[in-house]
Amino acid sequence: TRTLHWFRDDLRAADNPSLLAARKHAEAPGDILGVYILDEHTPGIRPLGGAAKWWLHQALCSLRENLAACGIPLLIRQGGPHALLPALAADTGADRVHWSRRYGGAERELDAGVKRELRDRGLTAESFSATLLHEPWTIQTTTGGPYKVFTPFWKALSQRDIPPPQDAPQPLGELNQSTSALTESGVSLGEIESLSLQPTAPNWAHTWPTIWDPTEAGGHHRLETFIEEQAASYHDQAQYPGAGATSRLSAYLRFGQLSPQQVWHSAGAVPHAESKTRFRTELGWRDFSWHLLYHFPELPRSNMRAEFDNYPWKVPEEDPQTFRAWTAGQTGFPLADAGLRELWATGHMHNRVRMVTASLLVKNLGIHWRAGEAWFWDTLVDADAASNPVNWQWVAGSGADAAPYFRIFNPERQQKRFDPDFRYIRTWVPEHDSAEYPEPLVDLQLSRQNALADYAALRGDG
Ligand code: FAD
């Protein structure tokens, strides 16, 4: 039996249930093939942002190498999977097509259509669970509905067993034995370069290879280093952006180079109980974001709480200068500017500062969360279709969780609490205390009062 595995958000050889299932059916070299299809045109499928594309390029190179060690060729294609996959299955003589499930609305629709198409042609199409701790529909409230609040969701999730991770499939033969059959039938492998994922002129990512190792091995190395050297102090250091105390595993998880099960089980070795629980709880937030997106597929575009449709947010076109100053880290608030500059320079921003910059944009500067979400989508290496909009809506107050919608992070007070010695700020905004540094874009007190009045008006008690 020959199986074609369609890679999407599971770009790893190890702990990939679908590959292991394909291995059970395989008898000879060439019986397992992988394919990645860059899909930028199916309606509703969100094209990747620039930073994520940069990561994806390296992740595919690494995947091709790791699969080669298992004797599995990785084919590269570009276009609509609806037409491409059945044709590729026919050309390669595959009788099974496997994939790891996706949970966004448009993705589910596309995958269901492809599955029907393949089955109509007499092929076996099978999907697997590989990117979350638990399938989003299996965690339910006592009345059988979705959770909208994190704490009870987490309580339900953390009572379940998390299966231990598994190894990569054993090779059936050498890679060249597998590829020769392909080339005989006229099927080309396809070049990763042909996807044009890397920035060219200007190459804004030229320093990134010194910051990131976006390979599967790089993910494992980061995980081990974090668990052995940093995780014990996660409970009291993770909130400080200058401490470098978080795992920086988010992009590996986003692209499935690490499975959440691998991360969860590695965290079992953390000697400090509170650190272990806190870190695992963050993985819970990731699952919760996907749980919400699965049940509320409109949330990347629409306020989860409909009353927020009346909130008088501006779009960036109404105030382009302010929005530009925010994206460039020139707001005059050093902690926020440090975060926005870190984001631009590295494709990453510390979680505390993500909250501060988001709150500044939607609450003090009065610009719609969707504009900030789109900026993060383009600039984060971990840009995630669920975590990004869920966290933006959480900060904006328009999200599922009725956590105090009136919470407004004060960037000056946040600085005093979380970067008291300016360690983080000095790295990214060395001129913060000089005459070159811009004046604050807004009056914090006044803009806060305005936001509170606008929020109160939404609830009808203003
Ligand atoms: P750690 O503290 O080491 O956490 C471990 C893992 O838990 C992370 O790698 C991540 O997978 C998960 N995690 C942690 N916090 C959250 C959270 N609040 N929500 C969901 N998962 C979480 N995270 C993304 O992965 N992609 C995004 O696009 C994204 N956008 C965000 C936008 C805003 C406005 C905010 C406030 C947060 C966003 N986050 C996003 C969540 C969080 O900031 C990052 O996951 C975290 O900073 C990544 O760094 P780390 O791997 O060192 O985290």
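Residues numbered from 1 in each chain as written. Predicted model: local features only at pLDDT ≥ 70, side-chain atom pairs only at ≥ 80, totals over all residues.

(A) Region of the structure containing the domain arrangement of the chain. Partitioning the chain into structural domains gives domain 1 (1-130), domain 2 (132-163 + 218-295) and domain 3 (306-458). Using C-alpha coordinates to define each centre, domain 1 is positioned 26 Å away from domain 2. Tallying the contact residues gives 12 residues for domain 1 and 12 residues for domain 2. By residue class, the composition of the side of domain 1 that touches domain 2 is 6 nonpolar, 2 polar and 4 charged. (Domains from an automatic or database assignment. Contact = placed C-beta atoms within 7 Å. Nonpolar A, V, L, I, M, F, W, Y, C, P; charged D, E, K, R; others polar.)

(B) Main features of the site of the ligand. For the ligand, the set of nearby residues contains 27 residues, the closest of which are Thr246, Ser247, Ser250, Asn388 and Asn391. Secondary-structure elements contributing two or more residues to the shell around the ligand are α10 (250-254), α12 (273-295), α15 (351-364) and α17 (387-396). Across the shell around the ligand, the residue classes tally to 12 nonpolar, 8 polar and 7 charged. (Near = placed C-beta within 6 Å. Helix = DSSP H or I, 4+ residues; strand = E, 2+ residues; numbered from the N terminus.)

(C) Quick look at the confidence of the model for the chain. With 99% of its residues at a pLDDT of 70 or more, the chain has an overall mean of 96. Overall fold confidence for the complex sits at a pTM of 0.98, while the interface term, ipTM, reaches 1.00. (pLDDT = per-residue confidence, 0-100.)

(D) Expanded view of the nonpolar core. With 114 residues, the main nonpolar core has Leu4, Val35, Trp55, Val97, Leu293 and Val362 as its most contacted residues. When residues no more than four places from it in sequence are discounted, the contact partners of Val97 are Leu4, Trp6, Leu85, Ala89, Leu118, Leu123 and Ala125. (Core = buried A, V, L, I, M, F, W, Y, C linked by C-beta atoms within 7 Å. Buried ≥ 20, exposed ≤ 12 C-beta atoms within 10 Å, placed from the backbone.)

(E) Up close: the environment of Asp382. Checked against the element boundaries, Asp382 lands in the loop between α16 (369-379) and α17. For Asp382, a count of 21 C-beta atoms within 10 Å corresponds to the buried category. For the pair Asp382 and Ile408, spaced 26 residues apart in the sequence, the C-alpha separation amounts to 25 Å. If we ignore the near neighbours within four places in the chain, the residues touching Asp382 are Ser250, Ala251 and Arg254.

(F) Geometry of the sheet that holds strand β2 (residues 32-38). Taking strand neighbours across the sheet as the criterion, the 5 strands line up as β3-β2-β1-β4-β5 in an open arrangement whose pairing is parallel. Sheet topology places β3 (74-78) and β5 (124-128) at the edges, where each strand pairs with a single neighbour. Averaged over neighbouring strand pairs, the angle between their axes works out to 25 degrees when direction is ignored. Two strands pair when backbone bridges link them, and strand β1 (residues 3-7) and strand β4 (residues 96-100) are joined in this way by 4 bridges, in the parallel orientation. What sits directly across from His5, in β4, is His98. (Pairing = 2+ DSSP bridges. Axes fitted to C-alpha atoms, helices over the stretch in contact; angles between N-to-C directions.)

(G) Summary view of the UniProt feature "domain: Photolyase/cryptochrome alpha/beta" (unreviewed entry) in the chain. Within this numbering scheme, the UniProt entry marks residues 1-133 as carrying the feature "domain: Photolyase/cryptochrome alpha/beta" (unreviewed entry). The span residues 1-133 is 43% helical and 20% strand by assignment, and the distance between its end C-alpha atoms comes to 30 Å. (UniProt positions renumbered as here; feature names shortened; annotations may be inferred.)

(H) Examining the pairing of β3 more closely. With 4 of 5 residues buried, β3 is to be regarded as a mostly interior element. Crossover handedness for the path β2 to helix α2 (residues 50-69) to β3: right-handed. (Right-handed = clockwise from strand over helix to strand, strands pointing away.)

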